[in-house]
Amino acid sequence: MFVKTAFLILTLLSPLHATDLDWRNIGPGGGSDLHFLAIHPENADIMYVSGDIEGAFKSTDGGNTWRNINGNLAHGRYGGDAYFTNDIVIDPTNHDRVYLPTSTGLFVSETGADTWTLLYPDTIATEDDAVSVATVAVDPTDANRLFAGLGNGADGSEADFAPFAAYDGPTGLLISTDKGSTWQTADVGMPAGNVIHSVVINPTDTQQIFLSTTSGIYQSSDGGTVWQSVNTGLPHTNCHRLVGRDFDGTFFLVLTVKVLGTAGDASSHSGGIYRSSDAGATWTNITGNLPTYDVDAELFYDFWQFDVNPTDADNIYAATVRGSGFEVPGIYATWDGGVSWDHLYTPAEGGWMDPAFFGDPYAFALKIAPSNPSRVVITGDRVDLTD
């Protein structure tokens, strides 16, 4: 199966150069949407992408070529459902160990994604045994310690401007202290049907854990035993993606809050991008001058995926998600912590398809390469490159 992939590599010298870059479309098309992306922590040319029907792919040459890495992923009773992925996570302590949360369960590879082993649940005898794992986080100081959030990790991939519906499958947070051999369910205090979109571990205090969920942000200071809600300053608790970065001893959290609103009423907009510098005790709206409403289409703009420059807390990239307004969609960046945002690029409408048939100028995933922060990668339905 061909992969419908998109990645965007930006080499940005300063905000002044950001909108002057030349773009060209490269790479394969076909398949379906690629919702998730991971970049090797030390080699920006090694990238993983995965989607909702085609499974996962890997590039080792900066995206010039890709190979399918499904391998034995569907060689069990769970079959092709394992190709519906919810995230891709590279172990920060061993970069050959890759975790793949899917709608069937959690898989792990010890060989850079050449082969896969089912990690949770223990066995799948029938479809009823499958458990959708939304995301996983690995303690950066102890690879044995894993946190797995359950639910549909892709339920924010299309804007609908309505609250998240309750998930009808297994939900909650699982904790392992033996690299996934056994799991315990944490008592977070979340309502039934709650999905965990992100698990963030503070690298300077790994007992401090944060969850971004469809019912808000939860924080633990004791490694996951006791939890509290930390939502002060948020407009509501329908939360998307959460990213944490430590800068000079201050742990910053950046969050996308699902945009809610009533079509035809621009003033009903509620959501956007928020930041906290006090472990989630308070949140500040940094949506700034990002677009919020397309008057002609009567659509709001929603921002699902984003990333924070690992060397600059004030440099954040964000992308509008499918279903957002059509007037000014695409990739945005701020260099002043959200006071002002620049529109960098609108992915070519239609990508590998005729835009008259299918226009989709958005992005499903966005990551900054940890080892080369001038490289930013997005996935969608096309490949765009600027150099």
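Predicted model, so just to flag it, every value in this text is computed and none were measured. (Residues numbered from 1 in each chain as written. Predicted model: local features only at pLDDT ≥ 70, side-chain atom pairs only at ≥ 80, totals over all residues. Heavy atoms only, no water.)

### What about the overall build of the chain?
The helix and strand inventory of the chain stands at one helix and 31 strands. Each of the 387 residues in the chain was classed as buried or not, and the buried ones make up 59%. In the chain, of all internal contacts separated by at least 6 residues, the share reaching a separation of at least 24 is 55%. Summed over its atoms, the accessible surface of the chain is roughly 14500 Å², and 47% of this surface lies on carbon and sulfur atoms. (Helix = DSSP H or I, 4+ residues; strand = E, 2+ residues; numbered from the N terminus. Buried < 20%, exposed > 50% of the residue type's maximum accessible area, 1.4 Å probe, protein only. Contact = heavy atoms within 4.5 Å. Areas by Shrake-Rupley, 256 points an atom, 1.4 Å probe, with all protein chains shown as cover.)

### A look at the confidence of the model for the chain
Mean pLDDT for the chain: 88, with 87% of residues reaching 70 or above. pLDDT under 50 marks residues 1-17. Its contacts with residues more than four places away, or in other chains, come to 76 contacts. Here residues 24-28 is a poorly scored stretch, pLDDT under 50, and it has 15 contacts once near neighbours within four places are set aside; other chains count. (pLDDT = per-residue confidence, 0-100.)

### Digging into the nonpolar core
One broad rule of soluble globular proteins: the nonpolar side chains tend to lie buried together. Tyr48, Ile88, Phe107 and Trp116 are the most contacted members of the largest nonpolar core, which has 28 residues in total. The residues touching isoleucine 88, leaving out its near neighbours within four places in the chain, are Phe36, Leu37, Ala38, Tyr48, Val49, Ser50, Val98, Tyr99, Leu100 and Pro101. In this structure, Phe252, Leu290, Tyr301 and Phe303 belong to the second largest nonpolar core, which totals 16 residues. (Core = buried A, V, L, I, M, F, W, Y, C linked by side-chain atoms within 4.5 Å.)

### Re the layout of surface pockets
The computed volume of the largest pocket comes to approximately 1200 Å³. Lining the largest pocket are 42 residues, and of these Val89, Arg241, Gly244, Arg245 and Lys367 sit closest to its centre. Those elements that provide at least two residues to the lining of the largest pocket are β3 (34-39), β7 (89-90), β11 (133-139), β15 (196-201), β19 (239-247), β25 (303-308) and β29 (365-368). For the lining of the largest pocket, the element with the highest residue contribution is β19, accounting for seven residues. (1 Å grid on protein atoms, 1.4 Å probe; cavity = no way out; pocket = protein on both sides within 12 Å on 5 of 7 lines; lining within 4 Å. Points joined across faces, edges and corners; volume = space filled by probe spheres on them.)

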